[in-house]
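Survey of secondary and tertiary structure
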Amino acid sequence: MTQPDLAANASAADLSAIPAGARGMSDTGLARTGALARAVARSVEVAGLLAIFGISFEMTARLQDWVRFRMPILSTVTAEEDLMVRDASGAHGRPNAQYRKWIMDSLGLRGPDVPVTKPAGSVRVIVTGASETFGLYESPDQEYARQLEDTLNARLHAGACPGRTPVRFEVLNAAFAGMTLPTVSQDVRARLARLRPDIVVFYPSPAQYLDVRAPAAATPDSSGKSNELPRMNVLHPRSLDALRDEVKSLMPGPLLSWLRRRSVQATLRQHPAGWRYTSIPVTRLARFDGDLRDLVGTVRTIGAEPVLATHATAFSRPRADSAALIQAWERFAPRATGNVIIAFDDTARVTTMRAAADSNVLVSDVSMALARAPGDNFADFVHFTDHGAAIVANALAPTILQAAGRRAECGR
Amino acid sequence: MLFNSVVFLFAFLPVTYLGFWGLRTTRARHIWLAISGYVFYGYWNPWFTLLMLFSTLVSYFAGLGFLRWTDPRHRKLCLVIPVTTDLALLGFFKYANFGLDTFHSALQLFGQQVTVPHLNIILPIGISFYTFHTISYIVDSYRGNITPTRSFFEFAAYVSLFSQLVAGPIVRFRTIEADLEALGATSRTRWLTRGISFFIVGLIEKVVVADSLAAFVDPALAHYHLLSSAGAWLAMLGYTFQLYFDFSGYSTMAVGLGYLFGLRIPQNFNSPYKSLDPSEFWKRWHISLSTCLRDYLYIPLGGNRHGEYQTYRNLMLTMLIGGLWHGAAWTFVGWGAYHGALLALYKRYGRPWDRLSRGTRQVGMFVLVVVGWVLFRSTSFGMAMSLLHTMFVPTGGLLVEQPVLAVGLLAIATWWGMIGPNVYDMEHAFTLRRRVVLTAAFGASLALIVGSPFSPFLYFQF
C-alpha cells in the first residue's frame, strides 16, 4: 500500500500509529483530500443554488404567463411560430393554441371563438395577411382586426347603414406571421370558403417579394405528423426566452446596428455579386401584381366581396430613428438595400391601387391614412402600436361599409 | 436607473461594486461613489446631473464658509443663501405650475378670466430627496451639530449616493459621516451577507408584492367611478399595501446596497401598519422624513413647548408642509392636513383610544390610514370623495380584475405588513436554508422583472 493510499484509509486513531516522518506525508494527503472534498461540496452547493435559481425563475415565468394570459403552465407551444400549422389545406393558424397574448380559436383564427355557420343577420368579414394583420406588438385585443370589429359595430349603431341594417359585423382574423399572398389565396380557397365570409380584406406585405425566393403557396401536408408539437416542448425554458428578449431590448443602438449589418453581410457572402437588388425588381413587382389579382379572383369565386388595403410603413413620416429601422428591416429582406425596400413598398402601393381599380375592387389607402395621422403609430418599421392599429381600423371601416353596401348587406 | 432593472442588477451594480472594492483609499472610493452616483442619475436624464452638481457645489461652499467664519452674520449668510437657492430650485421645478394653477383658480373664483401660462417643466427625479440632504447638511453645519467636510468628493459622494439618491431614505450627513470617513478601511465582507439579504428582501417587497398588487390596483383605480363598495375597498386596501411594499422595498434595497459599500443607512420603515395610534404610525412610516420634519420644522416652530394650542398649530403646519413635500397638488396638502388632524386629535383625546384593545386599535388605526391614502392616491378631491362615498355607502358596480388572485395577494400582503416580520426582524446569517430561500426569491424576482412592463417606484414622483 502506498503512503497516500494509507493516509486515505487511515482513521484519526490510526494516524497516531504512523511514524512521524510518514505522518507528514499523510497530513499533506489528508489536507489535499479535505480541500478536494470542500471544493466538491462547494461546487455541489453552487450547482444546487444555480438549479434552484433556474427552477424558481422558470416556474415564476410560467406562473406569470398563466396569471397574465391564462397560458397553460405545461404548454407545448413555445413561440409565435408554433401558432401556425401545415395540413391538407396548406398553412394556417393552429386551432386552440395559445402563446402568451396570442390566442387562437377552434378554427385556427386569432380571436374569440366563432361558429362555422355565420349567425343570422351578421356580416362576416375576414381579414387576412401577414404579421401586420395578425398583430405583434399591440396589447391583447388591440390588433386592428379586433378594433375593426368594434369600430364597424359602433358605426352600425350610429346609423352607418340606413335602410337595411345588419345585426352586427363579425371580424375574423385569418392571418399569421409570415403568411404569403399565394398562401392567403390557398387558404381562402381551401379553408375560409366554408366560413362563408361576406367580405375578405387583404392587407399585403410587399417586402415578402424581396425575399431570397419569391413567395409561393405553402405546400399542403396531409400526413398530420407536422401538426403535432413535440411533448418535450413542455420543458422548453421560457425564462431563457424572456432573458433573451430583455437583453435584446437593452442592447445599445450601435451594437444592435453592428449585429444587423453583420447578419446582412453574412447572407450576402453566401451569394454571388449582383445578387442584391439595388433597384426595384420589376419581375418581383409583376409577381406581386399577379398574385394580388389572383387573390381578388379567388375571393370572388367563393362569393365574397374583396377589399384591398395599401401597405403602410413607418417611413411615410419623418422619424429620428429611420436609419436604424431601415437597417432592422434589411435584416428581414437582405436581398434588397433599404432604399429599394422602401421604394418597392411605395410602388406596391400604386400597384395595389391599380389592381383594385382594374378589378373594380374597393381599396382602402391605409398607407395614406397612417402618413397623415400624428402620434406613435408603428412599433417598428411596419408593425402597429395600439394607436396605429386604431387608425388602420378607422381607415378600413368606411371601405368595408361600402363593400357591405355593394352586397346589399348594408344601406339598401 | 431602477434597482429592479436588468441593467442595474447585471451592469451598473457589479461594475460599481468591483470598482469600489478595487480601490484602496478613502478619497478614491469617495470619487468612485460620486461618479457612480452621477452615472446612475444621468442614465435617466444627463442634463439634470448639472442641477445636482450645482446644488452640491452651493452646499459644499456653504460648509466651507461655516468652517471659515465664526461671526453670526457670515454664518447666517452661509445658511440663508444656499437654503434659499435649494428651495428656489425645488420650488421652480416642483411647485411652479402648482402655484400658477392655484393662482389661476383663485382668479377664476373671483370672476377674473386671465390666461395663466402652464410651464413645460420636467420634474427632476429625486430632487425632493437630495434637496433635503443638502439642506439638512447646511442646517446641521450652522447649528454646529456636524463639522462640515473639507473634502468635496466626500460631500459629492454623500449627496449623489446612488442607493438613496432618488427615493430616500433621507440620510443626514451626521448619520453616515463616520462610515464615509472610514471608507478606506472598511472591510468588504463585514456587511456583505446582510447587504445581499436586505437587497433581495427589498426586491421581493417591490417586485413580487408591490408590483403584483399594482396589476389589479392600477386598472381598478383608473375606473374608480365604476367600482362597487367591495371593489373600492379591495382597490384601496391593495393600494395601501402596494405603496408600503413599494417604498419599503426601495428603502430596504437602499439599506442593503449601503451595506455592500460599507455604509450603514438608517431604517426607514418599521412595520407601520402595526401601529396602534397616529403618533406611533409616524414613528414607523418613512422614519427618515418624519424625523427630519420633526428636527427641522416642528421643533424650530416651537414643538410642544408653548402650550396646547401652539402644539396643535405646529403639528398641523408640519404635516401640511410634509403633505406638500410629497407632491404639488392640493390632495397631498389635504392628506397632510388629515394626518395633522389625526395627530392633534390623538394628543387631545388619546386616553380613551389607548384604553381600547390592542387589536381594535391596530385595525382602527389601519382603517384611518387607508382613508388617508384615498386622498394621497386621488388626482382630485372629487375622486377622493367619490371613492370614500363608494367605500362607506353600499354601492353596486365592478369588482377588481381577477378578484380571487387579488384577495390571495392581499391576504399575503396583510400578513406580512400587519403581522409578519419586517426585514430588521429577520435573521441575516447565510445559513444553507437562507441561501436557498434567497436564491429562489432572486430567481422569482428576476423572472418578474424581465417579464413585466416597466415599473418605476411610486416614490420617484416625490
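Predicted model only: the values in this text are computed from it and were never measured.

1. Brief notes about the overall build of chain B
Helices and strands together make up the secondary structure of chain B, namely 17 helices and zero strands. For chain B, whose C-alpha radius of gyration is 23 Å, the value lies close to the compact-globule estimate of 23 Å for 462 residues. Along the three orthogonal principal directions, the C-alpha set of chain B runs to about 65 × 60 × 50 Å. By residue count, 45% of the 462 residues in chain B fall in the buried class. In chain B, the proportion of contacts linking residues at least 24 apart, taken out of those at least 6 apart, comes to 76%.

2. What about the overall build of chain A?
Across its full length, chain A holds 13 helices and nine strands. Dimensions of chain A, computed from C-alpha atoms along their principal axes, come out at roughly 115 × 55 × 45 Å. A burial count over chain A gives 39% of its 412 residues as buried. Put simply, 74% of the contacts in chain A that link residues at least 6 apart link residues at least 24 apart.

3. Regarding helix 4 (residues 72-109) of chain B
All names here are of chain B. Taking 1.5 Å of rise per residue, 38 residues should cover 56 Å, yet helix 4 covers just 46 Å from first to last C-alpha, more than 12% shy of that figure. The sharpest bend along helix 4 comes to roughly 65°, located at Y95. Within the span of helix 4, buried status applies to C78, P82, D86, L90, F93 and K94. The inward-facing, buried residues of helix 4 abut helix 3 (48-68) and helix 5 (127-143). After helix 4 finishes, the residue G111 shows a positive phi value of roughly 80°.

4. Some thoughts on unusual backbone geometry
Residues and elements named next belong to chain A. Of note in the backbone geometry, D141 takes a positive phi value of approximately 65° without being a glycine. Residue placement: D141 occurs in the loop between helix 4 (131-134) and helix 5 (144-157). The phi torsion at R196 lies on the positive side, around 50°, for a residue other than glycine. Structurally, the position occupied by R196 is in the loop between helix 6 (181-190) and strand 7 (199-203).

5. Some details on the pairing of strand 8 (residues 305-309) of chain A
Each regular strand carries side chains that alternate between the two faces of the sheet. All names here are of chain A. Among the five residues that make up strand 8, five are buried, leaving the element largely enclosed by the rest of the structure. Relative to strand 9 (residues 362-364), strand 8 is paired through three bridges, and the arrangement is parallel. Bridged to L308 within strand 9 is V363.

6. Examining helix 7 (residues 173-181) of chain B
Residue and element names in this part refer to chain B. If you check which residues of helix 7 are buried, you get F173, I176 and L180. With its buried residues spanning 85° around the axis, helix 7 presents them on a single face. Looking at the buried positions of helix 7, the neighbouring elements they touch are helix 5 and helix 6 (152-159).

7. A short note on the interface of chain A and chain B
With 15 residues of chain A at the interface, the matching set in chain B holds 15 residues. At the level of elements, helix 3 (20-69) and helix 7 (238-250) of chain A are the ones that each hand at least two residues to the side of chain A that touches chain B. With 10 residues, the single largest contributor to the side of chain A that touches chain B is helix 3 of chain A. Among the residues forming the side of chain A that touches chain B, the class breakdown is nine nonpolar, five polar and one charged.

8. Details of the packing of helix 8 (residues 192-222) of chain B against helix 17 (residues 432-451) of chain B
Packed helices, taken two at a time, are described by the angle their axes make and the gap between the axes. Residues and elements named next belong to chain B. Running from amino to carboxyl end, helix 8 crosses helix 17 at an angle of 45°, the nearest separation of the two axes being 9 Å. The angle between the axes of helix 8 and helix 17 places the two elements in the oblique class. Remark: the crossing between helix 8 and helix 17 carries left-handed chirality. On helix 17, the residues that touch S197, I200, L203, I204, V207, V208 and D211 of helix 8 are L438, A441, F442, A444, S445, L448 and I449. When the residues that make up the contact of helix 8 with helix 17 are grouped by side-chain class, the tally is 11 nonpolar, two polar and one charged.

9. Structural notes on the pairing of strand 5 (residues 122-129) of chain A
Residue and element names in this part refer to chain A. Judged by how many residues are buried, strand 5 sits mostly within the fold: seven of eight residues are covered. Where strand 5 meets strand 6 (residues 168-173), six bridges bridge the pair, whose relative direction is parallel. Across the sheet, residue V123 finds its bridge partner in strand 6, namely F169. With five bridges joining them, strand 5 and strand 7 adopt parallel strand pairing. Opposite T128, over in strand 7, you have F202 as the bridge partner.

10. Thoughts on the sheet that holds strand 9 of chain A
Residue and element names in this part refer to chain A. Here we have five strands laid out as an open sheet, ordered 6-5-7-8-9, and parallel in their pairing. The open sheet has two edge strands, strand 6 and strand 9, and neither has a second partner. Direction aside, the axes of adjacent strands within the sheet are offset by 25° on average. The strands touched by helix 5 within the sheet are strand 5 and strand 6, with strand 6 carrying the most contacts at an inclination of about 170°.

11. What to know about the packing of helix 9 (residues 229-260) of chain B against helix 14 (residues 358-377) of chain B
Residue and element names in this part refer to chain B. Between helix 9 and helix 14, the least distance of the axes is 10 Å, while the angle of their chain directions is 85°. One finds that helix 9 runs roughly perpendicular with respect to helix 14. Between helix 9 and helix 14, the residues in contact are M236, L237, Y239, T240 and L243 and V369, V370, W373, V374 and R377, respectively. Each residue belonging to the contact of helix 9 with helix 14 can be placed in one class, and the counts come to eight nonpolar, one polar and one charged.

12. A word on the environment of F69 of chain A
Residue and element names in this part refer to chain A. Assignment of secondary structure puts F69 in helix 3. On a C-alpha basis, the gap between F69 and G274 in space is 47 Å, while along the polypeptide they are 205 residues apart. In contact with F69, not counting residues within four places along its chain, are R100 and K101.

13. Quick look at the nonpolar core
Counting 125 residues, the largest nonpolar core has L213, A235 and M236 of chain B as the members making the most contacts within it. Once residues within four sequence positions are removed from consideration, M236 of chain B is found in contact with V370, W373, V374, L387 and M391 of chain B. Membership of the second largest hydrophobic core comes to 85 residues, among which are M179, A336, F378 and A389 of chain A.

14. Some points on the environment of A167 of chain B
Residues and elements named next belong to chain B. With respect to the helices and strands, the residue A167 is situated in the loop between helix 6 and helix 7. Overall, the presence of 25 C-beta atoms within 10 Å leaves A167 in the buried class. Taking C-alpha positions, A167 is 24 Å from S141, a pair spaced 26 residues apart along the chain.

15. Side note on the confidence of the model for chain B
Close reading of the predicted structure is inappropriate where its pLDDT is low. Across chain B, the average pLDDT comes to 90, with 98% of residues at 70 or higher. Interface confidence for the predicted complex, expressed as ipTM, amounts to 0.80; the pTM equals 0.82.

16. Some points on the confidence of the model for chain A
Residues and elements named next belong to chain A. When pLDDT is averaged across chain A, the result is 88; 92% of the residues are at 70 or more. Least confident of the elements in chain A is helix 1 (residues 3-9), whose mean pLDDT is 42; most confident is strand 7, at 97. Counting interchain partners and residues more than four positions distant, the pLDDT-below-50 stretch residues 1-18 has 18 contacts.

17. Here we look at the environment of V171 of chain A
Residue and element names in this part refer to chain A. Along the chain, V171 falls in strand 6. The class for V171 is buried, based on 28 C-beta atoms found within 10 Å. Between the C-alpha atoms of V171 and P197, which are 26 residues apart in sequence, the distance is 9.5 Å.

What counts and what doesn't
Residues numbered from 1 in each chain as written. Chains lettered and ligands numbered in written order. Predicted model: local features only at pLDDT ≥ 70, side-chain atom pairs only at ≥ 80, totals over all residues. Helix = DSSP H or I, 4+ residues; strand = E, 2+ residues; numbered from the N terminus. Rg over C-alpha atoms; globule rule 2.2 N^0.38 Å. Buried ≥ 20, exposed ≤ 12 C-beta atoms within 10 Å, placed from the backbone. Contact = placed C-beta atoms within 7 Å. Expected span 1.5 Å × (residues − 1). Bend = angle between axes of the 7 residues up to and from the residue. Pairing = 2+ DSSP bridges. Arc of directions from axis to C-beta. Nonpolar A, V, L, I, M, F, W, Y, C, P; charged D, E, K, R; others polar. Axes fitted to C-alpha atoms, helices over the stretch in contact; angles between N-to-C directions. Parallel < 35°, antiparallel > 145°, perpendicular 65-115°, else oblique. Left-handed = near helix turned anticlockwise from the far one by under 90°. Core = buried A, V, L, I, M, F, W, Y, C linked by C-beta atoms within 7 Å. pLDDT = per-residue confidence, 0-100.

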